[in-house]
Amino acid sequence: MNHFIEQLKKDIEPVREQLVQHPLYGKMQTLQQLQQFTQWHVFAVWDFMSLLKSLQQQLTCTQLPWLPTGNANTRFLINEIVLGEESDVDANGKRISHFELYLQAMEEMNADTTQIEQLNAYLQNGIPVKQALEMLHIHPAIQQFVNHTFSVINEQPKHVQAAVFTFGREDLIPAMFMGIVKELSLTHADKLNTFKYYLERHIEVDGDHHSHLAMEMVSTLCGLDAEKWNTVTAASIAALKQRKQLWDAVLTSMNISTAEHHYHR
């Protein structure tokens with residue numbers, strides 16, 4: 001690991017720690033709260049795939065006629081990440097993307113998938129992302145989060161996109177959250193099997209193997225250019241702050257929902 005990566009990790013650690021220790025995770029004590037969480041989080045799972053495919057388009061050749069594009073090692077890195085994210089396996093060994101696996105988990109726990117499915121329908125009909133989000137009338141925090149991701153995709157160079165993908169888009173799932181899900185699955189096993197598998201698979205593949213590949217990709221794209229490293233550090237911090245704002249909004253929504261539940265009782 002080069003010293004630039006180590007310095008970047010040190011610089012983003014305060015914001016990253018705020019996410020790992022975010023009170024949202026401890027709030028999810030019931031199946032209903034977990035359902036609420038997934039209805040927000042699924043948008044982050046979805047737009048992560050768009051960031052990934054943007055990188056694949058820029059770092060490999062996806063047009064005809066084929067031509068050797070960029071660095072062969074970087075091509076390998078991004079293609080391997082795409083392979084895992086876009087065509088992993090479910091608990092039964094069936095090929096599936098991590099986004100589709102997440103949708104399956106939501107359906108199994110009876111979480112509402114209406115909004116994310118409507119977004120996909122709008123996009124399939126050619127409606128631009130920003131307009132589609134507005135048409136959904138979803139929470140402004142979700143719109144802001146997704147719009148930020150697409151501003152990175154549309155406006156930032158590939159080394160910045162790679163850094164945001166690597167350091168700003170980690171799901172940062174703490175052990176505490178895994179423990180809560182496992183505890184809930186004791187009483188809701190038939191509803192949380194797929195979600196538990198998703199988390200375990202995410203930690204196993206994305207959190208370990210893919211993270212090392214992604215860091216190598218950032219190192220290759222930034223090289224020894226100090227200015228690039230300063231830029232990707234700032235972009236990574238900004239992306240982590242976007243995730244924190246999303247988590248803050250989810251937590252506020254849960255607190256309001258809990259208060260209304262007690263009031264109606």
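In this report, we go over the structure that sits alongside the text. (Residues numbered from 1 in each chain as written. Predicted model: local features only at pLDDT ≥ 70, side-chain atom pairs only at ≥ 80, totals over all residues. Heavy atoms only, no water.)

## Examining the packing of aromatic side chains
(1) Moving on: Evaluated as defined, the whole model comprises eleven aromatic pairs.
(2) Moving on: Each ring, one from tyrosine 25 and one from phenylalanine 177, has its centre 5.4 Å from the other, and the planes form 50 degrees; the classification is tilted. You can see tyrosine 25 sitting in helix H2 (residues 23-27) and its partner phenylalanine 177 sitting in helix H10 (residues 175-187), a full 152 residues away along the chain. The two residues tyrosine 25 and phenylalanine 177 agree in class, both being buried.
(3) Moving on: What links up through ring pairs into an aromatic cluster is the set Tyr25, Phe37, Tyr102, Phe177, Phe195, Tyr198 and Trp247.
(4) Moving on: Taking NZ or CZ as reference, arginine 243 lies 5.1 Å from the ring centre of tryptophan 247, over its face. (Phe/Tyr/Trp six-rings, centres within 6.5 Å; stacked < 30°, edge-to-face > 60°. Helix = DSSP H or I, 4+ residues; strand = E, 2+ residues; numbered from the N terminus. Buried < 20%, exposed > 50% of the residue type's maximum accessible area, 1.4 Å probe, protein only. Lys NZ or Arg CZ within 6 Å of the ring centre and 35° of its normal.)

## Details of unusual backbone geometry
(1) Moving on: Between leucine 64 and the following residue, proline 65, the backbone shows a cis peptide bond with an omega angle of -5 degrees.
(2) Moving on: Within the element layout of this structure, proline 65 appears in the loop between helix H3 (31-59) and helix H4 (72-86).
(3) Moving on: Even without being glycine, asparagine 110 reaches a positive phi, approximately 65 degrees.
(4) Moving on: Mapped onto the fold, asparagine 110 is located in the loop between helix H5 (98-108) and helix H6 (114-124).
(5) Moving on: Residue asparagine 110 is classed as exposed on the basis of its relative accessible area, which comes to 51%.

## Focus: the packing of H3 against H5
(1) Moving on: Interhelical geometry of H3 versus H5 gives an angle of 170 degrees and a closest axis separation of 9 Å. Relative to H5, the element H3 is oriented roughly antiparallel. Taken as a pair, H3 and H5 cross one another with a handedness that is left-handed. Contacts between H3 and H5 pair Phe37, Thr38, Gln39, His41, Val42, Val45, Trp46 and Met49 from the former with His98, Phe99, Tyr102, Leu103 and Met106 from the latter.
(2) Moving on: In terms of residue class, the contact of H3 with H5 is made up of nine nonpolar, four polar and no charged. (Axes fitted to C-alpha atoms, helices over the stretch in contact; angles between N-to-C directions. Parallel < 35°, antiparallel > 145°, perpendicular 65-115°, else oblique. Left-handed = near helix turned anticlockwise from the far one by under 90°. Contact = heavy atoms within 4.5 Å. Nonpolar A, V, L, I, M, F, W, Y, C, P; charged D, E, K, R; others polar.)

## Concerning the side chain of threonine 194
(1) Moving on: Along the chain, threonine 194 turns up in helix H11 (residues 189-222).
(2) Moving on: Once you skip the residues sitting within four places of it in the chain, threonine 194 turns out to touch Leu101, Gln104, Ala105 and Glu108.

## Side note on the environment of isoleucine 78
(1) Moving on: Tracing the chain through its elements places isoleucine 78 in helix H4.
(2) Moving on: Along the chain, isoleucine 78 and leucine 52 lie 26 residues apart, while their C-alpha atoms are 8.1 Å from each other.
(3) Moving on: Not counting residues up to four positions away in its chain, the partners in contact with isoleucine 78 are Leu52, Leu55, Gln56, Leu59, Thr60 and Met217.

## Details of the side chain of histidine 159
(1) Moving on: Relative to the helices and strands, histidine 159 resides in helix H9 (residues 158-168).
(2) Moving on: Contacts of histidine 159, omitting those with residues within four sequence positions, involve Leu221, Cys222, Lys228 and Val232.

## Here's the deal with helix H8 (residues 140-155)
(1) Moving on: In this model H8 runs 21 Å from its N-terminal to its C-terminal C-alpha over 16 residues, within 8% of the 22 Å that 1.5 Å per residue would give.
(2) Moving on: Along H8, the positions that sit buried rather than exposed are Ala141, Ile142, Gln143, Phe145, Val146, His148, Thr149, Phe150, Val152 and Ile153. (Expected span 1.5 Å × (residues − 1).)

## Observations concerning the pattern of salt bridges
(1) Moving on: Summed over the entire model, instances satisfying the criterion amount to three salt bridges.
(2) Moving on: One salt bridge in this structure joins glutamate 86 and lysine 53, with 3.2 Å as the shortest N-O distance. With glutamate 86 in helix H4 and lysine 53 in helix H3, this pair connects stretches of sequence that are 33 residues apart.
(3) Moving on: Here aspartate 248 ties to lysine 244 by a salt bridge, and the two come within 3.1 Å at their closest N and O atoms. Here aspartate 248 pairs with lysine 244, and both are found in helix H12 (residues 226-264), just four residues apart, close to one helical turn.
(4) Moving on: By relative accessible area, which is 29% here, aspartate 248 ends up partly exposed.
(5) Moving on: The exposure class assigned to lysine 244 is partly exposed, which follows from its relative accessible area of 24%. (Salt bridge = Lys/Arg side-chain N within 4 Å of Asp/Glu carboxyl O.)

## Regarding the nonpolar core
(1) Moving on: Residues Leu34, Phe177, Phe195 and Met217 are the most contacted members of the largest nonpolar core, which totals 92 residues.
(2) Moving on: Broken down by element, this core gets its largest block of residues, 15 residues, from H3.
(3) Moving on: Those residues in contact with phenylalanine 177, other than ones at most four positions away along the chain, are Tyr25, Met28, Leu34, Phe37, Phe195 and Leu199. (Core = buried A, V, L, I, M, F, W, Y, C linked by side-chain atoms within 4.5 Å.)

## A short note on the environment of alanine 72
(1) Moving on: Assignment of secondary structure puts alanine 72 in helix H4.
(2) Moving on: On the accessibility criterion, alanine 72 (46% relative accessible area) is partly exposed.
(3) Moving on: Once the C-alpha coordinates of alanine 72 and glutamate 183 are considered, the two residues, 111 residues apart in sequence, prove to be 45 Å apart.

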